[in-house]
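As a plain string of letters, each chain reads:
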Amino acid sequence: MGPLARAFALERSRRDRPVLALLLPLPWLALLILLALLGRKIPEDLPIDLVDLDGSALSRSLARSLDASPSLRVAFVGSDPASAARRLRAGEVAAVVALPRGLERDASRGLAPASRAWVDGQNVTTHNTALKEVRRVLGTTGARIEPRNPPDPVAVQARPLGNPSLDYQLYLAWTCLPSLWQAAFMVLLVRVLGRELRERSVPDWLHRAGTGPGRAILSRTLFWTTAAWISGALATAVAAAWIGIGLSPAAWAGVFASLLLLLACDAAYAWLLVGSSANLRMAGSTAGFLTGPAFAFAGVSFPLDSMPRAAFLWAQLIPTTHHFSLLAGISLRHADASALLPPALTLAGTTLVTGVVGFLLLRKRLLTPSCWGRR
Amino acid sequence: MKAFAHLVLHELRSVVRDRGVLLVLGIAPLLYALVYPLPYKPQLARELPVGIVDLDRSPLSRQLGRMADASEAVRVVLRTQDLHEAERALRNGAVAGLLSIPAHFERDIRLGRSVQVGLVADGTRFLVYSQAATGLSQAALTLGAGTEIRRLQSRGFGEREARALRDPLPLQSQSLWNPAAGYGDFVVPGVLVLVLQQTLLIALATRGASKRARTRSRIVARATALSLIHALHTMLYLLVIWPLFDFPSRGRFLPLTVVTLLFLASSAGLGSLLGRAFSRPETPMQVLLPTSLPILFLSGLSWPASQMPTWIRVLAWPLPSTHAIPAFVRVQQVGASLPEVGGHLAALAATAALWWGLALLRVGRRAGGRGQRAYIAHRSVG
């Protein structure tokens, strides 16, 4: 550790060991939880409540078909709408399906008796799946009992690009990964740089490193950025293997380069935050404020173009927004290089501008004893 | 009781003097509450750019293009006959979806054949996919249904009969509590509960690291003081943030109060325990903040708990948010009653007991009495 510590200005980092011991494995732990949590990939066996007011062979056949659907499970069958409504309100079931009295009789007379479904709109993840599946089961059963049912003149064959089975693991775990690394890395770098100011240990740090403040900042940042990059790249490879994402060598190079650019931008932000406040706690809080809601602004869960102007502009300041464009473009949509250039240049430009300003500010703070010891 | 009230007041004064804790406890919940809902304010993605690959160029295919353009969900920005150009636009993110109309589309429909149209949409973002696919497929299916009904009518069927033939078992559906399945109403209320939990945990752990509370009464007083501030935040959320962002507000006073009290009790217990785990005041923020995203997923907000493996559910169980988020969402967004969220409330009470038990485990009763007496003596001297 001696020569390595000296080369990367890591002296006095021993004090950070307890925090590093938590921060370094934290994104890994979060990623593994996320991958395991989304292990089913698509919602299965969503519980529904069936209110069967007909009690006929047809209604029982519908109950069996709904239960046989991989997405649904008939958790309750009864004839009391009030109990079903209570279970829906409590979130115990995703939907209530009511089959009307006289269903079989009216269907055999060609009167198209309407069934009703009340779906829990508060849970968007289960809402669409449950409704689509109930509709499909009624449609196929209807086609079976009405021999004159004509085929649809226009049939739609849908294909999701980049995620063929609409796999939640690919959608959420793969895209969340950079946010997990960004949050831990920016906080970590703020700590290992800001602590020297807070502890008034700058002269000792520079003396032991045997170098000036500029080089000490660069060396320490280089060490932690490389460590975070190796860890993040390894996690990306593990996540890809777990989810089943196959990439060409060129695509892997692109994904890793984008991750490096993201971490470099985070490092530039860490410099700026510590350099502008000279206060470890304030810089840490601001880093948290930036990285905490980053995923909400990245354009993954809600498209950037549909956001209000203020949210769109804020999203542009957050490095994960541009990294997500690159990650999805390279690994999932296989976009052309020309389409990847704008987010790459934005990320590089932000890194450069923030980095230069942040570096100069931080260097100045390290040289100004009146800025040391702020709490 | 009076002594305890003094301890609570003393803690509140200390919080006001501690800029770091004040930032986390007083400012951060307000900032997050204003910033987090911002991207989701429109609730749904509308007017997503899409392309039409028209290999038929007939009046009917052009009508289909116009019907798609009229949809609220999408806006046709690309009309082409070049499938490769269109797919390139989709891969590069210039359009969110494509509808491919095959050659002889109109002729085949007129001949009574079933025609298949291709729909490709960006599956890397679910909301985008859902909106683009819905906008485009509804246009195609509506066109098909209209054509079929007219055809059946021309064969002598009445309109009602024609509709019954097409759909012998129709379904009337209603989405409750969030009729448009808006993303903001779905995700933000739960996230705000998490914001309250995380800021309370960080604040209590930071206070604990700055100044260790060594008696039971001091620990409880500190948690009470900080929870009081969060109780005010909860009121502010319900009275200001909810109307500001038009979130559904169906919660009744009693269920909301019970959920909030149990949630704060459980979070305060966990925070008090964490307060004994850190030795430096800046560390809780650095360590607890990156845990927010996984804790949100563990709560079952975006992926139902019923779909998670058992061991993950066991791991998530002790966290207050695992029970508080669904309880709060059901009560406030849906209007659920106390018995309807009884399971979540029981779990919250159990986690509160667990965390408080652990937090107070090694603090002796006598020490508590001594500390309290010492504080009263200090106050009377001061």
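Residues numbered from 1 in each chain as written. Chains lettered and ligands numbered in written order. Predicted model: local features only at pLDDT ≥ 70, side-chain atom pairs only at ≥ 80, totals over all residues. Heavy atoms only, no water.

*Asks:* Sorry if this is basic, but what is going on with the overall build of chain A here?
*Replies:* On a plain count of helices and strands, chain A comes out with 16 helices and 5 strands. In terms of overall size, chain A is more extended than a compact globule, its C-alpha atoms giving a radius of gyration of 28 Å where 375 residues would be expected to give roughly 21 Å. In terms of overall dimensions, chain A has a C-alpha envelope of 95 × 45 × 40 Å along the principal axes. Within chain A, the fraction of its 375 residues that count as buried is 57%. Taking the contacts inside chain A whose residues are at least 6 apart along the sequence as the reference set, 78% of them involve residues at least 24 apart. Counting only carbon and sulfur atoms, one obtains 63% of the accessible surface of chain A, whose full area is about 14700 Å². (Helix = DSSP H or I, 4+ residues; strand = E, 2+ residues; numbered from the N terminus. Rg over C-alpha atoms; globule rule 2.2 N^0.38 Å. Buried < 20%, exposed > 50% of the residue type's maximum accessible area, 1.4 Å probe, protein only. Contact = heavy atoms within 4.5 Å. Areas by Shrake-Rupley, 256 points an atom, 1.4 Å probe, with all protein chains shown as cover.)

*Asks:* Hey, could you run me through the environment of B:Ile295 in this one?
*Replies:* All names here are of chain B. Inspection of the secondary structure assignment puts isoleucine 295 in helix H12 (residues 292-298). By relative accessible area, isoleucine 295 is classed as buried at 10%. Separated by 24 residues in sequence, isoleucine 295 and leucine 319 place their C-alpha atoms 8.1 Å apart. Leaving out residues up to four positions away in the same chain, isoleucine 295 has contacts with Leu194, Gln197, Gln198, Leu319 and Ser321.

*Asks:* Please clarify how the environment of B:Gln197 should be interpreted in this entry.
*Replies:* Residues and elements named next belong to chain B. Topologically, glutamine 197 is positioned in helix H8 (residues 183-210). Along the backbone, glutamine 197 and leucine 264 are 67 residues apart, and their C-alpha atoms lie at a distance of 7.8 Å. If we ignore the near neighbours within four places in the chain, the residues touching glutamine 197 are Phe263, Ser267, Ile295, Pro320 and Ser321.

*Asks:* In this structure, what is going on with helix H8 (residues 168-198) of chain A? I would like to understand it.
*Replies:* Residues separated by three or four positions in an α-helix point in the same direction, a consequence of the helix having 3.6 residues per turn. Residues and elements named next belong to chain A. For H8, spanning 31 residues, the distance from its first C-alpha to its last is 43 Å, which sits close to the expected 45 Å at 1.5 Å a residue. Along H8, the sharpest change in direction is near 30° and occurs at leucine 177; proline proline 178 comes one to four residues later. Across the 31 residues of H8, 31 count as buried, placing the element largely inside the fold. The backbone nitrogen of glutamine 169 lies 2.6 Å from a side-chain oxygen of the residue at the head of H8, namely aspartate 167. Looking one or two residues beyond H8, the residue adopting positive phi is arginine 200, at roughly 55°. (Expected span 1.5 Å × (residues − 1). Bend = angle between axes of the 7 residues up to and from the residue. Polar contact = N/O pair within 3.5 Å; in protein donor to acceptor, adjacent residues only side chain to side chain.)

*Asks:* Would you take a moment to explain the packing of helix H1 (residues 2-17) of chain B against helix H2 (residues 19-35) of chain B for this structure?
*Replies:* For any two helices packed against each other, the geometry is given by the interaxial angle and the distance between the axes. Residue and element names in this part refer to chain B. Contact geometry of H1 with H2 gives a least axis separation of 5 Å together with a crossing angle of 100°. When the axes of H1 and H2 are compared, the pair comes out roughly perpendicular. Of H2, the residues touching H1 (which contributes Val15, Val16 and Arg17) are Arg19, Val21, Leu22 and Leu25. Its residues assigned to classes, the contact of H1 with H2 comprises 5 nonpolar, no polar and 2 charged. (Axes fitted to C-alpha atoms, helices over the stretch in contact; angles between N-to-C directions. Parallel < 35°, antiparallel > 145°, perpendicular 65-115°, else oblique. Nonpolar A, V, L, I, M, F, W, Y, C, P; charged D, E, K, R; others polar.)

*Asks:* Honestly, the pairing of strand E2 (residues 74-80) of chain B in this entry has me stumped. Any pointers?
*Replies:* Within a regular strand, side chains alternate between the sheet's two faces. Residue and element names in this part refer to chain B. Two elements, strand E1 (residues 48-54) and E2, share 6 bridges in a ladder whose sense is parallel. Residue pairing across strands places proline 49 opposite arginine 75, the latter belonging to E2. Assessed by its sense of winding, the connection that carries the chain from E1 through helix H3 (residues 59-70) to E2 is right-handed. (Pairing = 2+ DSSP bridges. Right-handed = clockwise from strand over helix to strand, strands pointing away.)

*Asks:* Teacher, can you tell me more about the interface of chain B and chain A here?
*Replies:* A common measure of how large an interface is: the accessible area buried when the components associate. Contacts between the two partners involve 107 residues from chain B, matched on the other side by 115 residues from chain A. Together chain B and chain A conceal approximately 9600 Å² of surface at their shared face, both sides included; 64% is due to carbon and sulfur atoms. When the area that chain B buries against chain A is broken down by residue, the three leading residues are B:Phe126, B:Leu169 and B:Trp303, summing to 9%. The interface formed by chain B and chain A includes 11 salt bridges. Joining chain B to chain A, the criterion identifies 44 residue pairs in polar contact (both at pLDDT 80 or more). (Buried area = accessible area lost by both parts, 1.4 Å probe. Salt bridge = Lys/Arg side-chain N within 4 Å of Asp/Glu carboxyl O.)

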